[in-house]
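Here's the letter readout for the chains.
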Amino acid sequence: QLYIMQGVCLSVLLVLSLACLGLASVNYSGYQVVRVEVKNEQEAGIIKSLEEEGLFDFWTEIMVGKHVDVMASPENMNALDMWIEANGLVSSIMIQDVAPLMELEKIPAGNISGAAKLGHSMDWTSYHPLEEIYGWFDYLETTYDFVETESIGQSFEGQEMIVMKVCRGGCGNKPAMWIDSGIHAREWISPATGTWMLNELVENDAAHPEFTEKLDWYFLPSHNPDGYRVSQTTDRMWRKTTTKYEGDPCQGTDANRNWDFHWSETGASGDSCSQTYYGPEPFSEVEARNVRDFVDARKDNIKFYQTLHSYSQLILMPWGYTYDNAPGYEAMLDLGNRGNDALFKVHGKFYEVGCIPCVLYTAAGTSLDWALGVAGIPYVYSIELRDTGTYGFLLPPAQIVPTAEEAWAWHEVAAMQIIGEFGA
């Protein structure tokens with residue numbers, strides 16, 4: 001097995017180095033996604049050891065009692081099959097070839113919107129680059145007197161990280177809701193959903209005026225602008241930031257393992273070639289520092305913290321680093337379940353609610369744990385949006401609006417909870 005893995009490692013490193021150098025778009029033709037069953041903790045441990053080798057791209061977290069999705073190239077597919085067989089595991093092919101799904105993802109759903117007439121090109125029938133999202137922000141700020149943009153700093157490569165603040169009568173006088181998207185670059189449905197919810201909140205304000213009269217809202221459409229750009233231009237499967245540190249063979253840090261709360265303890269890697277590389281030190285990533293500083297300055301007002309991810313249809317809560325119940329766990333679970341009931345009623349999609357290790361595997365250094373453990377925000381969540389693996393990260397644009405509609409239904413319940421518990 002060792003020799004097989006060394007050969008695989010070379011092919012993986014070649015793809016990574018090409019992507020890092022930006023020489024060409026990574027070609028995913030013939031890449032397959034395999035679903036491996038995870039029957040118990042013992043199998044989870046075996047699979048975790050494979051993940052830590054960094055030779056294969058794990059699309060999902062390891063779900064004990066369920067499964068994990070792993071992508072393999074045509075060159076290393078045989079090695080993965082042999083490893084699965086040697087360890088007595090059960091697997092099936094989820095996606096026969098990811099390349100056609102990447103092409104489908106580029107085709108807009110339905111008619112092209114008439115948004116251009118309004119001075120922006122934003123819609124939810126396709127996935128948009130950050131420049132178009134920011135152009136739409138300019139339109140909103142010009143059109144509505146209760147919204148305002150604020151740059152919370154720049155990314156590693158110098159891209160502005162802009163938060164849209166929705167605050168009637170100015171920010172800071174009401175309980176606040178924080179919603180960020182795209183800390184993992186390849187999860188395109190996350191910024192699409194976050195911006196759709198912002199659009200619903202602002203453009204459809206008359207349908208739910210209490211949400212802007214009694215709450216402040218902060219939306220960050222891209223927590224990882226540099227990685228998002230890479231995923232749209234060079235490597236569709238790029239997840240991490242684009243930093244590269246001296247002595248590290250590979251580029252990119254997982255910004256969602258980089259937070260200074262039980263940093264590096266579990267569910268993350270010290271290997272820069274890993275998708276869950278926690279970085280050379282806590283808060284090495286400027287993107288995480290920018291969010292930390294903005295949220296920390298408003299932690300007394302922010303009562304709700306949401307970080308949107310994909311995929312798997314999960315509603316996750318702290319802690320990530322331990323199986324112990326977090327402070328306020330029962331209240332978070334109750335809201336999570338009530339929101340999930342509302343979500344289900346929209347399109348009949350089932351999401352599972354639970355703490356991270358209750359549903360997945362332990363993960364330390366996440367923004368989720370920091371938001372509760374350091375900032376002390378009482379209601380903290382990470383929703384893993386659609387789907388459950390048919391398309392994975394490559395969700396067709398036709399699913400953007402329904403995904404966002406069900407997520408919004410969940411957030412309506414959350415907003416009412418925050419108003420009822422913390423409102424004047």
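This one's a predicted model, so the numbers in the text were calculated from it and none came from an experiment.

Considerations on the nonpolar core
So, point 1. In this structure, W178 and W217 are the most contacted members of the largest nonpolar core, which totals 92 residues.
So, point 2. Residues in contact with W217, not counting those within four places in the same chain, are M164, K165, V166, M177, I179, L201, F211, W408 and A415.
So, point 3. Counting residues in each nonpolar core, the second largest holds 19 residues, with V34, A44, I47 and L80 among its members.

Focus on the pattern of salt bridges
So, point 1. The tally for this structure, following the rule as stated, stands at 19 salt bridges.
So, point 2. Note that E103 and K106 form a salt bridge whose closest N and O atoms lie 3.2 Å from each other.
So, point 3. Residue E103 is classed as partly exposed on the basis of its relative accessible area, which comes to 45%.
So, point 4. Residue class for K106 comes out exposed when judged on its relative accessible area of 59%.
So, point 5. With a closest N to O distance of 2.8 Å, R292 and D293 form a salt bridge.
So, point 6. Among the residues examined, D293 registers a relative accessible area of 42% and is labelled partly exposed.

Details of the packing of helix α5 (residues 130–143) against helix α6 (residues 189–203)
So, point 1. Where α5 contacts α6, the axes come no closer than 12 Å and their chain directions differ by 10°. By the angle between their directions, the pair α5 and α6 is classed as roughly parallel. Counted together, I133, W136, F137, Y139 and L140 of α5 and T195, L198, N199, V202 and E203 of α6 form the full contact between these two elements.

Describing the confidence of the model for the chain
So, point 1. Across the chain, the average pLDDT comes to 93, with 93% of residues at or above 70.
So, point 2. The model gives residues 17–23 a pLDDT under 50, and that stretch makes eight contacts with residues more than four places away or in other chains.

So, helix α2 (residues 41–53)
So, point 1. Between its terminal C-alpha atoms α2 stretches 19 Å, which fits the 18 Å expected from 13 residues at 1.5 Å a residue.
So, point 2. Residues of α2 that are buried include every one of E43, A44, I47, K48, L50 and E51, and no others. In a view along the axis of α2, the buried residues occupy a sector of 160°, so they form one face of it.
So, point 3. Of the residues flanking the start of α2, the one acting as N-cap is N40, its side-chain oxygen 3.1 Å from the backbone nitrogen of Q42.
So, point 4. Where α2 terminates, the next one or two residues include G54, which has phi positive at roughly 75°.

A short note on the sheet that holds strand β10 (residues 314–317)
So, point 1. Spatially, the eight strands line up as an open sheet ordered β5-β6-β8-β7-β9-β12-β10-β11, and their pairing is mixed. Two strands lie at the open edges of the sheet, namely β5 (147–154) and β11 (352–355), each paired on one side alone. For this sheet, the mean inter-axis angle between neighbouring strands, taken without regard to orientation, is 20°.
So, point 2. Looking at chain direction, β5 and strand β6 (residues 160–166) are connected through six bridges and run antiparallel. Paired with S151 across the bridge in β6 is I162.
So, point 3. Helix-sheet contacts for α6 involve β5, β6, β7 (176–181), β8 (216–220), β9 (302–310) and β12 (379–385), and the interaxial angle to β9 is about 135°.

The rules behind the values
- Residues numbered from 1 in each chain as written.
- Predicted model: local features only at pLDDT ≥ 70, side-chain atom pairs only at ≥ 80, totals over all residues.
- Heavy atoms only, no water.
- Core = buried A, V, L, I, M, F, W, Y, C linked by side-chain atoms within 4.5 Å.
- Buried < 20%, exposed > 50% of the residue type's maximum accessible area, 1.4 Å probe, protein only.
- Contact = heavy atoms within 4.5 Å.
- Salt bridge = Lys/Arg side-chain N within 4 Å of Asp/Glu carboxyl O.
- Axes fitted to C-alpha atoms, helices over the stretch in contact; angles between N-to-C directions.
- Helix = DSSP H or I, 4+ residues; strand = E, 2+ residues; numbered from the N terminus.
- Parallel < 35°, antiparallel > 145°, perpendicular 65-115°, else oblique.
- pLDDT = per-residue confidence, 0-100.
- Expected span 1.5 Å × (residues − 1).
- Arc of directions from axis to C-beta.
- Polar contact = N/O pair within 3.5 Å; in protein donor to acceptor, adjacent residues only side chain to side chain.
- Pairing = 2+ DSSP bridges.

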